[in-house]
Amino acid sequence: MVKHWDLFLAPYKQAVEELKVKLKGMRSQFDMNSLHSPIEFVTGRVKPIPSILDKATRKGIPLDRLEEEMQDIAGLRMMCQFVDDIREIVEMLHKRKDLEIVEERDYITQKKDSGYRSYHVVIRYPVQTIKGEKNILVELQIRTLAMNFWATIEHSLNYKYSGKFPKDIQARLKRAAEAAFQLDEEMSQIRGEIQEAQAIFSRKQDNQEE
Ligand code: 0O2
């Protein structure tokens, strides 16, 4: 028998799969036109049921209001090389006709107390079901590789310490966040140089494949 959660999560799974194809497709189009892709890679997930329940309790969201009030049951991440790529991706999202932007949260110019940096865009995305169209909320997190590295490490430490970091770990994480920020700054400064090298490398690979 199909369980209640399977039925509830089905459109979220469909949205994640569809959006992964579409966003990865954007990357391929840049590649095919020999242009720098602002998207390096894309990942996606449906929030596991225990995390949905935890978050609902933490934020006081009644389970019959999950659809309206929990914005990240479906989530995708887009990683980029440079901070400026993030703006380019957001601009492209604004132009798309297959989704509607509901909210944007800029944790880059306003980083979180933890040191977390990322750009969040909540979209309303229509999924076609056998019962008609269903609009669901999806959270897109757009971040550089350095921001992603920091967030991934911090997320696992957060899990280990259940959010209650020892003081020294907390201080180190903040310093690491600053170092990730500096790395992004440095890479932006030599962006032209890096892209030139990548173009040469990719041409060399294409020649070898022919
Ligand atoms: P998971 O495991 O990533 O699914 P809140 O949950 O209250 O912080 P809100 O208002 O629901 O936040 O939305 P927000 O802040 O836009 O997005 C929450 C998500 O952003 C988190 O999801 C993380 O993925 C990421 N995030 C936010 N703050 C931090 C942080 O300090 N460190 C890390 N590593 N990630 C962060 P979840 O629900 O935590 O879980």
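Counting of residues starts from 1 at the beginning of each chain's written sequence and follows it residue by residue. Restriction of local features to residues with pLDDT of at least 70 applies here, the model being predicted, together with a cutoff of 80 or more for giving and counting side-chain atom pairs; totals for whole chains, interfaces and linings are based on all residues. Think of the side-chain values as coming from all heavy atoms in the structure, minus any hydrogens and water.

Taking an unreviewed UniProt entry as the reference, the protein chain is identified by name as GTP diphosphokinase belonging to Priestia koreensis. UniProt positions are given in the numbering used here, feature names are shortened, and annotations may be inferred rather than shown by experiment. Per UniProt, the comment on the protein chain under Sequence similarities (unreviewed entry) is "Belongs to the RelA/SpoT family." As recorded by UniProt, the Subunit (unreviewed entry) comment attached to the protein chain reads in full: "Homotetramer."

A.B. asks: Outline the site of the ligand, supporting the account with residue identities and numerical values.
C.D. replies: Residues in contact with the ligand amount to 18 residues; listed here are only the nearest, Arg-45, Arg-105, Ser-114, His-120 and Glu-154. Within 3.5 Å is the distance limit for a polar contact, defined as a pair of N or O atoms, with the added protein rule that one can donate a hydrogen and the other accept it, and that residues adjacent in sequence qualify only through two side-chain atoms. The separation between an oxygen atom of the ligand and a polar side-chain atom of Ser-114 is 2.7 Å. A distance of 2.9 Å separates an oxygen atom of the ligand from a polar atom in the side chain of His-155. In isolation the ligand offers 730 Å² of accessible surface; the protein chains occlude 78% of this area. Definitions used throughout: a 1 Å grid over protein atoms alone; a cavity as a set of points that fits a 1.4 Å probe which cannot get out; a pocket as an open set with protein on both sides within 12 Å along at least five of seven lines; a lining residue as one with an atom within 4 Å of a point. Think of it this way: a molecule belongs to a cavity or pocket when more than half its atoms come within 2 Å of the grid points there. Among the detected pockets, the ligand sits in the largest pocket. Proximity is defined per residue: if any heavy atom of the residue lies within 4 Å of a molecule or strand, that residue is considered near it. Here, Shrake-Rupley sampling with a 1.4 Å probe gives the accessible areas, and only protein chains in the shown set may cover a residue.

A.B. asks: Could you give an account of the pattern of salt bridges, with specific residues and numbers?
C.D. replies: Salt bridges are defined by distance alone: a side-chain nitrogen of Lys or Arg within 4 Å of a carboxyl oxygen of Asp or Glu. Overall, the coordinates contain 16 salt bridges when judged by the stated rule. Asp-98 is the salt-bridge partner of Lys-22, the closest N and O atoms lying 2.9 Å from each other. On the criterion of sequence distance, the pair formed by Lys-22 in helix H1 (residues 4-32) and Asp-98 in the loop between helix H4 (83-95) and strand E3 (100-106) is long-range, its members being 76 residues apart. Note that Asp-84 is salt-bridged to Arg-87, the shortest N-O span being 3.2 Å. In this pair, Asp-84 and Arg-87 are both assigned in helix H4, three residues apart and thus about one turn of the helix distant. Bridged by salt links that share partners, the residues Lys-22, Arg-96 and Asp-98 form one connected network. Every helix listed is a DSSP run of H or I at least four residues long, and every strand listed is a run of E at least two residues long, numbered separately from the N terminus.

A.B. asks: Describe the nonpolar core, listing the residues and the values that go with them.
C.D. replies: Generally speaking, a soluble globular protein has its nonpolar side chains buried in company with each other. In terms of nonpolar packing, the biggest core is built from 36 residues, with Met-78, Leu-93, Val-138 and Ile-142 touching the most fellow members. Where this core is concerned, the elements lending two or more residues are H1, helix H2 (49-59), strand E2 (74-80), H4, strand E4 (119-129) and strand E5 (132-144). Sort the elements by how many residues they give to this core and H1 lands first, with eight residues. Contacts of Val-138, omitting those with residues within four sequence positions, involve Ala-15, Leu-19, Gln-71, Ala-74, Leu-76, Val-121, Val-122, Ile-123 and Tyr-125. Residues belong to one nonpolar core when they are buried, are Ala, Val, Leu, Ile, Met, Phe, Trp, Tyr or Cys, and are joined through side-chain atoms within 4.5 Å. When a residue's accessible area, from a 1.4 Å probe over protein chains only, is under 20% of the maximum for its type it is buried; when over 50% it is exposed; and in between it is partly exposed. Tyr-107, Tyr-116, Phe-165 and Ala-177 belong to the second largest nonpolar core, which has seven residues in total. Residues count as neighbours in contact if any of their non-hydrogen atoms are within 4.5 Å of one another.

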